[in-house]
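# Coordinate analysis (summary)
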Amino acid sequence: MTDQWQVLDLINVTKSFFEKKGIRDQGTQRLDAELLLAKVLGCRRIDLYLRFEETVDEPELSEFRHLVRQRGERRPVKQILGRCEFMAHEFQVTPDVLIPRPETETVVECALAEIDDSTRVVIDVGTGCGNIAISIALAKPRATVYATDISGAAVEVAGQNTENLGVSERVTIRAGDLFEPLAGDGLVGAADCVVSNPPYVAESEFASLMPEVAQHEPTVALVSGQDGMSHTLRLLAEAPDYLRPAGVLVIETSPNTAGRDVAAAHANDAYEDIRIRRDLGRAERVLMARKKKQGSGRNL
């Protein structure tokens, strides 16, 4: 790069640089360049279109180069920006949390469909940045939400997001494995809904993930045993202890394991009304199961 660069020239050169670095989607190449430049210039991305002929000063140019190098190393652009939009709300994200995906909005929508104004308690297991728990709390002001994550660093990020989005008084976040951190909260048999986006990548699939995911997002939030089902099976086994009768379990799942997930739910006589919901891409994405009003079996 030379010392004098206009906005449009920077966008075009950066787009070509990203292509050479293996970022093949042309729409993503330009979008990422624009997002990074907008961050550096302190403006909205759309404002760049009114500033194409503007020259970028050296301090901003140096910062932009730094961000572009990070993206060229396949670091996710949302991680570089430190923020991600989910359910029309902005969440802080760091390398310690999984970046919220659009398909997870289907999980929230499925959970919200099961939560009415009488709902008292929702539990989000594996909360990450808190996007599911906080989105539910924002949509259902009468609900009290408890969230857990095995990563203490993720709990810190989620806690910051509860503060940023004004729900810290209604969203309680605990660090620990699955339901274990909630043992002293009196929640046994109390939850109207248990929701989770657990790890569901098989160990054998990990190497085939995009570098943005495999190299830059937390493995603990992605991989779940040899077949990708370990966490889902544990959720199916443990959730009935916390669900009230007729309460609903909502789990994000992989299309690769959806059929086996359904079979596992049927094998546990705690559940009825077992079904799979598809995301906007028509992939089997959400496992739903209702705790029976009678009986409580939990063994798989």
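This section reports on the structure supplied with the text.

Quick notes on the rules
Residues numbered from 1 in each chain as written. Predicted model: local features only at pLDDT ≥ 70, side-chain atom pairs only at ≥ 80, totals over all residues. Heavy atoms only, no water. Helix = DSSP H or I, 4+ residues; strand = E, 2+ residues; numbered from the N terminus. Rg over C-alpha atoms; globule rule 2.2 N^0.38 Å. Buried < 20%, exposed > 50% of the residue type's maximum accessible area, 1.4 Å probe, protein only. Contact = heavy atoms within 4.5 Å. Areas by Shrake-Rupley, 256 points an atom, 1.4 Å probe, with all protein chains shown as cover. Lys, Arg positive; Asp, Glu negative; His and termini not counted. Charge placed at Lys NZ, Arg CZ, Asp CG, Glu CD. Polar contact = N/O pair within 3.5 Å; in protein donor to acceptor, adjacent residues only side chain to side chain. Axes fitted to C-alpha atoms, helices over the stretch in contact; angles between N-to-C directions. Parallel < 35°, antiparallel > 145°, perpendicular 65-115°, else oblique. Left-handed = near helix turned anticlockwise from the far one by under 90°. Pairing = 2+ DSSP bridges. Right-handed = clockwise from strand over helix to strand, strands pointing away. Phe/Tyr/Trp six-rings, centres within 6.5 Å; stacked < 30°, edge-to-face > 60°.

### Description of the overall build of the chain
Within the chain, the secondary structure is distributed over 10 helices and 11 strands. Taken over C-alpha atoms, the radius of gyration comes to 21 Å for the chain, in line with the 19 Å a tight globule of 300 residues would show. Principal axes of the C-alpha set define a box for the chain whose edges measure 75 × 40 × 30 Å. A buried classification covers 50% of the 300 residues belonging to the chain. At a minimum sequence separation of 6, the contacts of the chain that also span at least 24 residues come to 67%. Summed over its atoms, the accessible surface of the chain is roughly 13,800 Å², and 47% of this surface lies on carbon and sulfur atoms. On the chain, the mean spot of the 35 positive side-chain charges and the mean spot of the 46 negative ones are 3 Å from each other.

### Describing the side chain of T148
Counting through the fold element by element, T148 comes out in strand β6 (residues 144-149). Judged by relative accessible area, which is 1%, T148 ranks as buried. Engagement of the side chain of T148 in a polar contact is seen with the backbone oxygen of L178, the distance being 2.8 Å. Contacts of T148, omitting those with residues within four sequence positions, involve D124, V125, G126, T127, R174, G176, L178, P181 and L182.

### What about the packing of helix α5 (residues 104-113) against helix α6 (residues 131-139)?
Interaxial distance between α5 and α6 falls to 10 Å at its minimum, and their mutual angle equals 40°. The orientation of α5 relative to α6 falls into the category oblique. Handedness of the α5/α6 crossing: right-handed. Between α5, through T104, V107, V108, A111 and L112, and α6, the contact on the second element is made entirely by N131, I132, S135, I136 and A139.

### Comments concerning the pairing of strand β5 (residues 121-125)
With five of its five residues buried, β5 lies for the most part within the structure. Residue alternation in β5 divides its side chains into two sets, V121, I123 and V125 and V122 and D124, and both sets are buried. Here β5 runs beside β6; their pairing, made up of five bridges, is parallel. For V122, the partnering residue across the bridge sits in β6 and is V145. Sheet topology note: the β5/strand β8 (residues 191-196) ladder contains four bridges and is parallel. By the bridge assignment for β8, V122 is matched with C193.

### Thoughts on the pairing of strand β7 (residues 171-175)
Pairing of β6 with β7 involves five bridges; the strand directions are parallel. Bridging across to β7, V145 finds its partner in V171. For the segment spanning β6, helix α7 (residues 152-164) and β7, crossover handedness is right-handed.

### Concerning the packing of aromatic side chains
Summed over the entire model, instances satisfying the criterion amount to four aromatic pairs. Judged by centre distance (4.8 Å) and plane angle (10°), the ring pair of F179 and Y242 falls under stacked. Taken together, the positions of F179 in the loop between β7 and β8 and Y242 in helix α9 (residues 230-242) put the pair 63 residues apart, joining distant regions of the chain. Overall, the relative accessible area of 2% leaves F179 in the buried class.

Just geometry here; none of it tells us what the structure is for.
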